Structure formats: structure tokens, C-alpha cells
Amino acid sequence: MVYTAGMIDLDTPAVAALRQRLLDIGGAPSLVLEGREANRQLGHPFEDNPRAKALFDATFELMYLMLEADNRVTEAEELVLRGVARELTEGVVRTQTVLALAGECARMLDREGKDARLAAVAKVLAADTASAEAALVLAAAVAMADEEIAVEEHALLHSLAKLLKLDDARANELLRQASRG
């Protein structure tokens, strides 16, 4: 089925390359560090920086919403979600922390619903243009994780772009350039 409500093209070589990089990162076993870094692995990676924490949490939750968009979670999507978390934290986040964050996202989604959570996430991301644009690209990579773009995934990405006030031209430009950054 082809989604036609918007003109955002998720299936670009740049998104495919990003998807593969995130799959590789997400599929690698968690590293066990020692000393100060070991303590950072156990808690939230941005606990000491409220702004960074809010942006990370919003980005992670958006990835979770994309993962759940079509009500069918694949192993590839889970690996890309883990890859996103590791990419955003320079490899510090362990699988255990990703699972805990995903659990919290699931509870909020169940309690408030998809539209409310998407609006909340977009509000946080819209305050920082670079983070908003990066989150859109990462969400596209999650949508492409299983190499199938469900209608619901495309619709969610289009809704996100609209909430972030990104027109189709800008969204497409970001998705074409995804792997150049």
C-alpha cells in the first residue's frame, strides 16, 4: 500500500545508509566499561543536563512511537531503536537502559495515546531546530528498519513534520542528506 497524503520520500539512499549504520550499532553487544563510565551506563545518560535529557527523551520516545506505529514491532526495528540510543549517547547506553526507556514510553503511550504523545514530543523537539530535524531523519530510519514503510509509519512521519513546521521540501532535503552529517 502506498501512502499519498504527503510528499515526503522516506526511501532515499541516505536514509537506507543511516538505517544500516543504526542496525550495525544496535546489533552490537553492549560494552561494559569500568570506573566513572560504568556509573553512567546504569542511569540516564543525560541525568546531569536537563536540556539534553529532555531532547534525548523526546527523540527516543519519537523513535518508540515510530516503532509502534503499525502495531507490528520487528527485530530490525528494535535494533535500530537501540542503535539510535547508542548513537545519541556515543555508545554509553546499554541494552538494559534502552529497555527501561522503552517500557516508560509504552506506559505513556497506553495512558495518553499516540496523538497526545506525538504532540508532547514535537513540542520539546520544536524548541531546537537541529534536534527536530535530526529526530525526523532518525524516525525515517526507524520506519525503514524492516525495509517496509507501513502507511501508519509514513502518516506518523508526515504528522511529525507538520507539528515541527517542516514543509515537504525541507523534510525531503533532510532525508536526502541524512548520511552526510
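Residues numbered from 1 in each chain as written. Predicted model: local features only at pLDDT ≥ 70, side-chain atom pairs only at ≥ 80, totals over all residues. Heavy atoms only, no water.

(A) Geometry of the nonpolar core. In terms of nonpolar packing, the biggest core is built from 52 residues, with Phe60, Leu62, Met63, Leu125, Leu136, Leu157 and Leu160 touching the most fellow members. Among the secondary structure elements, those contributing two or more residues to this core are α1 (13–27), α3 (50–68), α4 (75–88), α5 (95–112), α6 (114–126), α7 (129–143), α8 (151–163) and α9 (168–176). (Core = buried A, V, L, I, M, F, W, Y, C linked by side-chain atoms within 4.5 Å. Buried < 20%, exposed > 50% of the residue type's maximum accessible area, 1.4 Å probe, protein only. Helix = DSSP H or I, 4+ residues; strand = E, 2+ residues; numbered from the N terminus.)

(B) Up close: the environment of Glu148. With respect to the helices, strands and loops of the structure, Glu148 is situated in the loop between α7 and α8. Judged by its relative accessible area of 49%, Glu148 falls in the partly exposed class. When near neighbours in sequence (up to four residues on either side) are disregarded, Glu148 contacts Arg72, Ala143 and Glu153. (Contact = heavy atoms within 4.5 Å.)

(C) Quick look at the pattern of salt bridges. The final tally for this structure, using the stated rule, is ten salt bridges. The shortest N-O distance in the salt bridge between Asp128 and Arg51 comes to 2.5 Å. Remark: Arg51 occurs in helix α3 and Asp128 occurs in the loop between α6 and α7; sequence separation between them is 77 residues. Between Glu104 and Arg107 there is a salt bridge whose closest N-O contact spans 3.3 Å. Here Glu104 and its partner Arg107 are both found in helix α5, three residues apart, which amounts to about one turn of the helix. What emerges from the salt-bridge pattern is a single network uniting Asp70, Arg72, Asp146 and Glu148. (Salt bridge = Lys/Arg side-chain N within 4 Å of Asp/Glu carboxyl O.)

(D) Layout of the side chain of Glu77. Here Glu77 shows up in helix α4. Buried and unpaired, Glu77 has Arg72 as its nearest opposite-charge partner, separated by 5.8 Å. With residues near it in sequence (within four places) discarded, Glu77 still touches Leu67, Asp70, Arg72, Val142, Ala145, Asp146 and Glu153. (Lys, Arg positive; Asp, Glu negative; His and termini not counted.)

(E) Inspection of the packing of aromatic side chains at higher detail. Evaluation of the coordinates by the stated rule reveals two aromatic pairs. Plain terms: the ring middles of Phe46 and Phe56 are 5.5 Å apart, the flat faces sit at 50° to each other, and that makes the pair tilted. With a gap of ten residues between them, Phe46 in the loop between α2 (36–42) and α3 and Phe56 in helix α3 connect regions that are remote in the sequence. Here a set of aromatic residues connected by ring pairs shows up, and it is made of Phe46, Phe56 and Phe60. (Phe/Tyr/Trp six-rings, centres within 6.5 Å; stacked < 30°, edge-to-face > 60°.)

(F) Quick peek at α4. Between its terminal C-alpha atoms α4 stretches 20 Å, which fits the 20 Å expected from 14 residues at 1.5 Å a residue. By the criterion of burial, α4 is predominantly enclosed, with ten of the 14 residues buried. The complete set of buried residues in α4 reads Ala76, Glu77, Leu79, Val80, Leu81, Arg82, Gly83, Val84, Ala85 and Arg86. Lining the buried residues of α4 we find α1, α3, α5, α7 and α8. Directly after α4, the chain includes Glu90, whose backbone phi takes a positive value near 55°. (Expected span 1.5 Å × (residues − 1).)

(G) Seen up close, α9. Turning to α9, its buried residues number three or more, namely Ala171, Asn172, Leu174 and Leu175. In a view along the axis of α9, the buried residues occupy a sector of 160°, so they form one face of it. If you follow the buried residues of α9, they end up packed against α1, α7 and α8. (Arc of directions from axis to C-beta.)

(H) Structural view of the packing of α6 against α8. It is at 10 Å that the axes of α6 and α8 come closest, and there the two elements cross at 45°. On the basis of their axis angle, the class for α6 and α8 is oblique. The handedness of the crossing between α6 and α8 is right-handed. Every residue of α8 that contacts α6 at Lys114, Leu118, Ala119 and Ala122 is listed here: Leu156, Ser159, Leu160 and Leu163. (Axes fitted to C-alpha atoms, helices over the stretch in contact; angles between N-to-C directions. Parallel < 35°, antiparallel > 145°, perpendicular 65-115°, else oblique. Left-handed = near helix turned anticlockwise from the far one by under 90°.)

Bear in mind that shape data such as this cannot, by itself, settle questions of function.
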